[in-house]
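Structural overview
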Amino acid sequence: MPKNTNTVQKNLLTPVPLDETDRKILRLLAEDATQTYAELGKRIHLTAPAVHERVKRLKRNGVITATVAKLNGKLIGCPLLAFIHVETVGRMMIGALDDLIALADVEEVHTVTGDTCVVLKVRTRDTKDLEGLLDRIYQIEGVRSTKSYVVLDSYLERGPKPEVMV
């Protein structure tokens, strides 16, 4: 049965109130998530159990969504970083999104406004692999065109700043 693409999904997430201590914990974990609760506690002047309770609450409330290892693309054999803008036919993006997400070289998928529909962050071994990925993208039903931007060097990659007040 085809998915209904005529509905707009409402963002049901509302900002969670965070105090300054929560924001300090988030900043420290964003820098290095391997720190123990005792190490975090020393840095923000709390006991390890108090930090643990705060982190549990932040996870329960969806503020911390995962703890992951950030991999170095160059050292794992995928040094070519690129952004691909994908234009689709009409609003058939929902099916195409599932197919784009299934591509192993795709690190991020974002629907956007402007002169494109979807922006992909991809990482491949070389330009030949990028060309193969583009071929697979063009095989997805509804993909009209792509524009690729190869990254020469990265100077900053980070997530949201917990200092920003909501």
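Note: the structure precedes this text.
Residues numbered from 1 in each chain as written. Predicted model: local features only at pLDDT ≥ 70, side-chain atom pairs only at ≥ 80, totals over all residues. Heavy atoms only, no water.

**Section: the overall build of the protein chain**
Along the protein chain, the regular secondary structure elements total 5 helices and 4 strands. Start at the N end of the protein chain and walk to the C end: the helices and strands fall as α-α-α-β-α-β-β-α-β. Residues classed as buried in the protein chain amount to 28% of the 166 residues present. Long-range contacts, defined as pairs at least 24 residues apart, comprise 65% of the intrachain contacts of the protein chain with a sequence gap of at least 6. With the model as given, the accessible surface of the protein chain reaches about 11,900 Å², and the carbon-plus-sulfur share is 55%. (Helix = DSSP H or I, 4+ residues; strand = E, 2+ residues; numbered from the N terminus. Buried < 20%, exposed > 50% of the residue type's maximum accessible area, 1.4 Å probe, protein only. Contact = heavy atoms within 4.5 Å. Areas by Shrake-Rupley, 256 points an atom, 1.4 Å probe, with all protein chains shown as cover.)

**A few points about helix 2 (residues 37-44)**
Among the residues of helix 2, Leu 40, Gly 41 and Ile 44 are the ones counted as buried. Buried residues in helix 2, looked at end-on, bunch into an arc of 100 degrees, giving them a common side. Along its buried surface, helix 2 packs onto helix 1 (20-31) and helix 3 (48-60). The first or second residue beyond helix 2 is His 45, which carries a positive phi of 65 degrees. (Arc of directions from axis to C-beta.)

**A few points about the pattern of salt bridges**
Where charged atoms from two side chains of opposite charge approach closely, those side chains can pair. The final tally for this structure, using the stated rule, is 13 salt bridges. As a salt-bridge pair, Arg 144 and Glu 87 come within 2.9 Å of each other at their nearest N and O atoms. Of this pair, Arg 144 sits in strand 4 (residues 143-150) while Glu 87 sits in strand 1 (residues 80-88), placing them 57 residues apart in sequence. Among the salt bridges present, the one from Glu 131 reaches Lys 128, with a minimum N-O distance of 3.6 Å. Linking Glu 131 with Lys 128, this pair stays in helix 5 (residues 127-138), spanning 3 residues, or about one helical turn. Here Glu 131 falls in the partly exposed class, since its relative accessible area comes to 44%. Each of Glu 107, Glu 108, Lys 121, Arg 123 and Glu 157 takes part in salt bridges that share partners, so that together they form one network. (Salt bridge = Lys/Arg side-chain N within 4 Å of Asp/Glu carboxyl O.)

**So, the packing of helix 1 against helix 2**
Axis separation between helix 1 and helix 2 bottoms out at 11 Å; the angle between their running directions is 125 degrees. Classed by the angle they form, the pair helix 1 and helix 2 counts as oblique. Of the two elements, helix 1 crosses helix 2, and the hand of that crossing is right-handed. Contacts between helix 1 and helix 2 pair Thr 21, Lys 24, Ile 25, Leu 28, Leu 29 and Glu 31 from the former with Leu 40, Arg 43 and Ile 44 from the latter. Residues that form the contact of helix 1 with helix 2 fall into these classes: 5 nonpolar, 1 polar and 3 charged. (Axes fitted to C-alpha atoms, helices over the stretch in contact; angles between N-to-C directions. Parallel < 35°, antiparallel > 145°, perpendicular 65-115°, else oblique. Left-handed = near helix turned anticlockwise from the far one by under 90°. Nonpolar A, V, L, I, M, F, W, Y, C, P; charged D, E, K, R; others polar.)

**A look at the sheet that holds strand 2 (residues 106-111)**
Spatial strand order, 2-3-1-4: 4 strands in an open sheet with antiparallel pairing. The open sheet is flanked by strand 2 and strand 4, the only strands paired with a single partner. When the angles between neighbouring strand axes are averaged without regard to direction, this sheet yields 20 degrees. The pairing of strand 1 with strand 3 (residues 118-124) spans 7 bridges and is classified as antiparallel. Bridging across to strand 3, Leu 80 finds its partner in Thr 124. Helix 5 contacts strand 1, strand 3 and strand 4 of the sheet and is inclined by roughly 160 degrees relative to strand 4. (Pairing = 2+ DSSP bridges.)

**Examining the pairing of strand 2**
The sheet contact formed by strand 2 and strand 3 spans 5 bridges and is antiparallel. Looking across to strand 3, one finds that Thr 111 is bridged to Val 118.

Purely geometric numbers; function is a separate question.
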